[in-house]
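The primary structure of each chain is shown beneath.
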Amino acid sequence: MTHVKITETILRDAHQSLAATRMTIDDMMPALKDLDAVGYNALECWGGATFDSAMRFLNEDPWERLRKIRDACPNTKLQMLLRGQNLLGYKHYADDVVEYFVARSIANGIDIIRIFDALNDYRNIEKSMNACRKEGGHAQGCIAYTISPVHSVEKFVKDAKQLEEMGADSVCIKDMAGLLLPYEAFEMVKAMKETLKIPIELHTHYTSGVGSMTYLKAIEAGCDIVDTALSPLALGSSQPPTEPLVATLQGTEFDTGLSLVDLTKVAEHFRGLREKWIASGLISPKVLGVDVNALIYQVPGGMLSNLVSQLKQAGKEDQLYEVLEEVPRVRKDFGYPPLVTPSSQIVGTQSVMNVIAGERYKMVPKESKAMLRGEYGKAPAPINSDVQKKILGDEPVITHRPADDIEPELENIKRQAAEYIEQEEDVLTYAMFPQVAEKFFKWRRAQRHGVDDSVGSVEDGYQPT
Ligand code: CO
């Protein structure tokens, strides 16, 4: 009996993908006891955009949230998503910050850390993976799935093997854009199972409408764990739904062992949230549909809508198809990075500029320069040297791990944040989001003194991860 395990994403990715990461701890609390009783492989409940969003929009301390979930779910493993050396922020941090962050995450209740790097440059996840294992956590190495002439089943299997050799406890194929097709998944998982000893987990989004089929084929190929969301917050740009997969596998050699009755009971709570969020407009009908463009252009749904809005701002909406043709060319020039934050924004913006300017690489944002300079790490394929020369001139290029250039910074950050510190984790909060954290810390202090100083709301630009 090859029991397939299920990781439930309703507390993290599902609401990040459908509802701008706005689920509060109060929204979660009434369901936690029942979620804990289901028997999931893990509850993905922290990291990704939840950390920033909790503070920025919900006036919640993310660490406090984690502790509450831990208390309410003593029987289930808690999982988080971590962007390697970027942690939950947008730049590389010094190793001492990375190690401290991982240690505090595990101390506050995290069991499994899923760690990825946008370029699949595994040097950028090595520190956090080692720190996780040192603290007794389960370190899951992650491959960002993408389609390009240099990406193949063989390459991904080689990547997975590399992660295993680095000490990963399991490997996740992370298909953030919903591009992985069922038979491709079958082939890839089968090859990985033949090559690796550690468990394989598959993570996809329903965006292009193939997610449940992809899971089924991956399971037939021996996939150990898949990520699903309870039906009220599944489908669309979220994960495939939990209950239909559990029903599909019931009584087969892949039976998950989960009870549909238990799942339906927990789902009921989230159905209320879904209805509330649809009524308020937080969940828009757009994210609930099937977006076949993702399959045609092989760009994530979030990236496509960014391109449209950038063109709109420039009054050049009619040039969308030129931009869509330019995207693969820019991607090739930049060494075929997977299209996930931040590379999706960088490649997208550069493509728009190339088309609008009427000359390629006449306008070059600093993020494009940083990517060509190697500041995010090593791209999967060689960078076009003519383009690199045109953009960088004689500027030096980095070939070592970018964080090697960063001096230890924890002590300095402790000094900067000193006046706000109420718990040791506050230093890490401040390290990642100094402005948002400062505002939140001030609000927290004011609350205690009975002063109302509500934090305003700003549009966020996250795309599903
Ligand atoms: Co995701």
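Residues numbered from 1 in each chain as written. Predicted model: local features only at pLDDT ≥ 70, side-chain atom pairs only at ≥ 80, totals over all residues. Heavy atoms only, no water.

A word on the packing of helix α9 (residues 211-220) against helix α10 (residues 242-249)
Working step 1: Packing of α9 against α10 leaves a shortest axis separation of 11 Å and a crossing angle of 40 degrees. Classified by the interaxial angle, the pair formed by α9 and α10 is oblique. At the point where α9 passes α10, the crossing takes the right-handed sense. Of the residues in α10, those touching α9 at Tyr-215, Leu-216 and Ile-219 are Leu-245, Thr-248 and Leu-249. (Axes fitted to C-alpha atoms, helices over the stretch in contact; angles between N-to-C directions. Helix = DSSP H or I, 4+ residues; strand = E, 2+ residues; numbered from the N terminus. Parallel < 35°, antiparallel > 145°, perpendicular 65-115°, else oblique. Left-handed = near helix turned anticlockwise from the far one by under 90°. Contact = heavy atoms within 4.5 Å.)

Notes on the pattern of salt bridges
Working step 1: Applying the stated rule across the entire model yields 36 salt bridges.
Working step 2: With a shortest N-O distance of 2.9 Å, Arg-114 and Glu-201 are connected by a salt bridge. Taken together, the positions of Arg-114 in strand β4 (residues 112-115) and Glu-201 in strand β7 (residues 200-204) put the pair 87 residues apart, joining distant regions of the chain.
Working step 3: The exposure class assigned to Arg-114 is buried, which follows from its relative accessible area of 0%. (Salt bridge = Lys/Arg side-chain N within 4 Å of Asp/Glu carboxyl O. Buried < 20%, exposed > 50% of the residue type's maximum accessible area, 1.4 Å probe, protein only.)

Considerations on a negative patch on the surface
Working step 1: A surface patch of negative charge is lined by Glu-317, Asp-318, Glu-322 and Glu-325.
Working step 2: Following the sequence through the fold, Glu-317 ends up in the loop between α14 (301-313) and α15 (320-333).
Working step 3: According to the relative accessible area criterion, Glu-317 is partly exposed, its value standing at 45%. (Patch = residues over 30% accessible without salt bridge, like charges linked within 9 Å, V, L, I, M, F, W, Y side chains within 5 Å. Areas by Shrake-Rupley, 256 points an atom, 1.4 Å probe, with all protein chains shown as cover. Lys, Arg positive; Asp, Glu negative; His and termini not counted. Charge placed at Lys NZ, Arg CZ, Asp CG, Glu CD.)

Let's talk about the pairing of β4
Working step 1: The side-chain alternation of β4 yields two buried faces, one formed by Ile-112 and Arg-114 and the other by Ile-113 and Ile-115.
Working step 2: With four bridges joining them, strand β3 (residues 78-82) and β4 adopt parallel strand pairing. The residue of β4 that forms the bridge with Gln-79 is Ile-112.
Working step 3: Examined bridge by bridge, β4 and strand β5 (residues 138-144) share four bridges and lie parallel to one another. Within the sheet, the bridge partner assigned to Ile-112 lies in β5 and is His-138.
Working step 4: On the question of chirality, the crossover connecting β4 to the parallel β5 by way of helix α6 (residues 123-134) is right-handed. (Pairing = 2+ DSSP bridges. Right-handed = clockwise from strand over helix to strand, strands pointing away.)

A few points about the sheet that holds strand β1 (residues 5-8)
Working step 1: Pairing is parallel around the closed barrel formed by eight strands, whose spatial order is β1-β2-β3-β4-β5-β6-β7-β8. Sheet twist, expressed as the average angle between the axes of neighbouring strands with direction ignored, equals 30 degrees.
Working step 2: Lying over the sheet, α6 contacts β3, β4 and β5, oriented at roughly 155 degrees with respect to β5.
Working step 3: Set on the sheet, α9 makes contact with β7 and β8 (225-228); between it and β7 the angle comes to about 170 degrees.

Some details on empty space enclosed by the protein
Working step 1: Summed over all chains, the structure comprises four cavities of 30 Å³ or more.
Working step 2: Reported here for the largest cavity is a volume of approximately 70 Å³.
Working step 3: In terms of lining residues, the largest cavity is bounded by Arg-83, Asn-86, His-92, Phe-116, Asp-117, Ala-118, Leu-119, Pro-342, Met-371 and Tyr-376.
Working step 4: Broken down by class, the residue content of the lining of the largest cavity amounts to six nonpolar, two polar and two charged.
Working step 5: Counting contributing residues per domain, the lining of the largest cavity is built from domain 1 (5-280) and domain 2 (299-399), each supplying no fewer than three. (1 Å grid on protein atoms, 1.4 Å probe; cavity = no way out; pocket = protein on both sides within 12 Å on 5 of 7 lines; lining within 4 Å. Points joined across faces, edges and corners; volume = space filled by probe spheres on them. Nonpolar A, V, L, I, M, F, W, Y, C, P; charged D, E, K, R; others polar. Domains from an automatic or database assignment.)

Thoughts on unusual backbone geometry
Working step 1: Cis rather than trans, the peptide bond between Thr-341 and Pro-342 has omega equal to 5 degrees.
Working step 2: Secondary-structure assignment places Pro-342 in the loop between α15 and α16 (343-357).
Working step 3: Of note in the backbone geometry, Thr-21 takes a positive phi value of approximately 60 degrees without being a glycine.
Working step 4: Following the sequence through the fold, Thr-21 ends up in the loop between α1 (13-18) and α2 (25-38).
Working step 5: Given the relative accessible area of 1%, Thr-21 is considered buried.

Points about the side chain of His-92
Working step 1: If you trace the backbone, His-92 turns up in the loop between β3 and α5 (95-107).
Working step 2: Note on His-92: relative accessible area 13%, which makes it buried.
Working step 3: Reaching out from His-92, the side chain makes a polar contact with the side chain of Asn-86 at a distance of 2.8 Å.
Working step 4: From its side chain, His-92 meets the backbone oxygen of Glu-375 in a polar contact 3.5 Å long.
Working step 5: Residues contacting His-92, with those up to four places away along its chain left out, are Gln-85, Asn-86, Asn-124, Glu-375, Tyr-376, Pro-402 and Ile-406. (Polar contact = N/O pair within 3.5 Å; in protein donor to acceptor, adjacent residues only side chain to side chain.)

Some details on the domain arrangement of the protein
Working step 1: For the protein, the assigned domains are domain 1 (5-280) and domain 2 (299-399).
Working step 2: Measuring from the centre of the C-alpha atoms in domain 1 to the corresponding centre in domain 2 gives 28 Å.
Working step 3: Contact with domain 1, which involves 21 residues of that partner, is made by 19 residues of domain 2.
Working step 4: Interface area for domain 1 against domain 2, summed over the two sides, is near 1500 Å², with a carbon-plus-sulfur share of 65%.
Working step 5: Joining domain 1 to domain 2, the criterion identifies zero salt bridges.
Working step 6: Across the contact surface, domain 1 and domain 2 share six residue pairs in polar contact (both at pLDDT 80 or more).
Working step 7: Residue classes in the side of domain 1 that touches domain 2 are distributed as 10 nonpolar, six polar and five charged. (Buried area = accessible area lost by both parts, 1.4 Å probe.)

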